[in-house]
Amino acid sequence: MALEHKHQRSEVEEDPQSSVLMLFTEIIVQILLKLPVDSLLRCKSVCKSWYSLISDPHFVKSHLAISTTNINRHRLIYSTNSKGYSRSIRTPKIIKFKTCSLRDVMYGNSINALELDYPSEHPFRNVWVGGSCNGLLCMNVGNGVLFIWNPSTRNSYRLPPSGCDKMQIGYVVYGFGYQQSTDDYKVVELSCYETDSIKHETLFKIYSLKSGNWKKVGVYPHRYSFFGSGNYCNGVLHWAAMKDFASSSYTWFILSLDLATETFGEVLQPVYDEGDKELALGSLKEWLCVLCNYRGIRTDVWVMKVYGVADSWTKLVSIPCLTDPGRDRLFMPLCISNDDGKFLLKFGWTKLIVYDSKNNSFSEIQNSDRCLEACTFVESLVSPMPTAGLGDI
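Residues numbered from 1 in each chain as written. Predicted model: local features only at pLDDT ≥ 70, side-chain atom pairs only at ≥ 80, totals over all residues. Heavy atoms only, no water.

(A) Focus on unusual backbone geometry. A positive phi angle is found at aspartate 183, which is not glycine, with a value near 55°. With respect to the element layout, aspartate 183 can be found in the loop between β8 (169-179) and β9 (184-194). Although it is not a glycine, lysine 285 adopts a positive phi angle of roughly 60°. By secondary structure assignment, the location of lysine 285 is in the loop between β17 (277-284) and β18 (287-294). (Helix = DSSP H or I, 4+ residues; strand = E, 2+ residues; numbered from the N terminus.)

(B) The pattern of salt bridges, seen in detail. If you walk through the whole model with that rule in mind, you get eight salt bridges. When the shortest N-O distance is used, the salt bridge between glutamate 262 and lysine 186 registers 2.8 Å. Taken together, the residues glutamate 262 in the loop between β15 (252-258) and β16 (263-267) and lysine 186 in strand β9 connect sequence positions 76 residues apart. Assigned by exposure class, glutamate 262 and lysine 186 land together as buried. Between arginine 298 and aspartate 300 there is a salt bridge, and its shortest N-O distance comes to 2.9 Å. The class of aspartate 300 is buried, set by a relative accessible area of 1%. (Salt bridge = Lys/Arg side-chain N within 4 Å of Asp/Glu carboxyl O. Buried < 20%, exposed > 50% of the residue type's maximum accessible area, 1.4 Å probe, protein only.)

(C) Region of the structure containing the packing of aromatic side chains. Tallied over the full model, the rule gives six aromatic pairs. For the ring pair phenylalanine 176 and tyrosine 185, a centre distance of 5.9 Å and an interplane angle of 20° mean the geometry is stacked. Among the residues examined, phenylalanine 176 registers a relative accessible area of 1% and is labelled buried. Centre to centre, the rings of tyrosine 207 and tryptophan 214 are 5.4 Å apart; their planes meet at 50°, and the pair counts as tilted. Tryptophan 214 shares its class with tyrosine 207; the two are buried. Above the ring of tyrosine 294, the side-chain terminus of arginine 298 is found at 4.4 Å from the ring centroid. (Phe/Tyr/Trp six-rings, centres within 6.5 Å; stacked < 30°, edge-to-face > 60°. Lys NZ or Arg CZ within 6 Å of the ring centre and 35° of its normal.)

What follows is the structure, given as structure tokens:
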């Protein structure tokens, strides 16, 4: 054994090039991990070894982990509409999506946006974002047509139809998130059906990107009213919702869906003040966030600092009413700065604002056109394809 060990050590000592090559490869990996996605896409054309390295699932995950903590890799994406090709009011307006650096929005108060060609076979359709996770967006282009899209790599995948009955459906909302234990991305469809003129039921379906199939996970004999797409946080999707919205006794609640167990629950809320209010959900940093809008008075921003612990709800700031309380109100939290108390928020129907809590001032983002919908995403190499693997871009 001693001779064998000595012989092996001698071989290593006689082949210093092997150690140098390993060190050189590790240095290359560390350099590549620090590059943005557009540079990495060009690097894939350098040689086969770089293509294989950048496509490797471990590299993709390591790059995502680094990007998540770097604000320079975070971007804002928002939709706007053009005037269309005709002056006829019957001609639908064209929905466009634009993206820009999140840092520029937070600290520049003006943006230089790049227009993106989102995945759609019919450019005149209305388009909504059904969720954002790890650099992937779930895009709803109307009539139940869904795409998983990576805006950084421009790759997309069209989901098969969910099988919902469009003739009976009242409305539908979506959610999109990642199940870490199985390395799987899931789309959730929540649709409200009118079974007759009085009764309603809400149907829940889940699509697994790994299996490539839809499945029904529940039917509830209630009419739920959901406000916005599902918000992903800590492996769980969340919706701000109401039961029996038409009645005078409605109450807000936060519906949750654990993507690992595929079970529904309800998140305990902060202790709000009395008064007429409405809720909006979002994520600030790694926290679940609630905007509680007291119409005509103020908007409170709450975050759950320890997920699942009701006592950890913390009110970060109270934002005073900006303008006409009956028309303009804060809709969605998009981003919070790390140390200077700035909040990026969707305001009203078409505006983006930055609220500085230290001096109680507002700045409207210029050059953002008519911002219809907005969300943030992180640049990533994650593939939207169901079978190609995480690193195949």
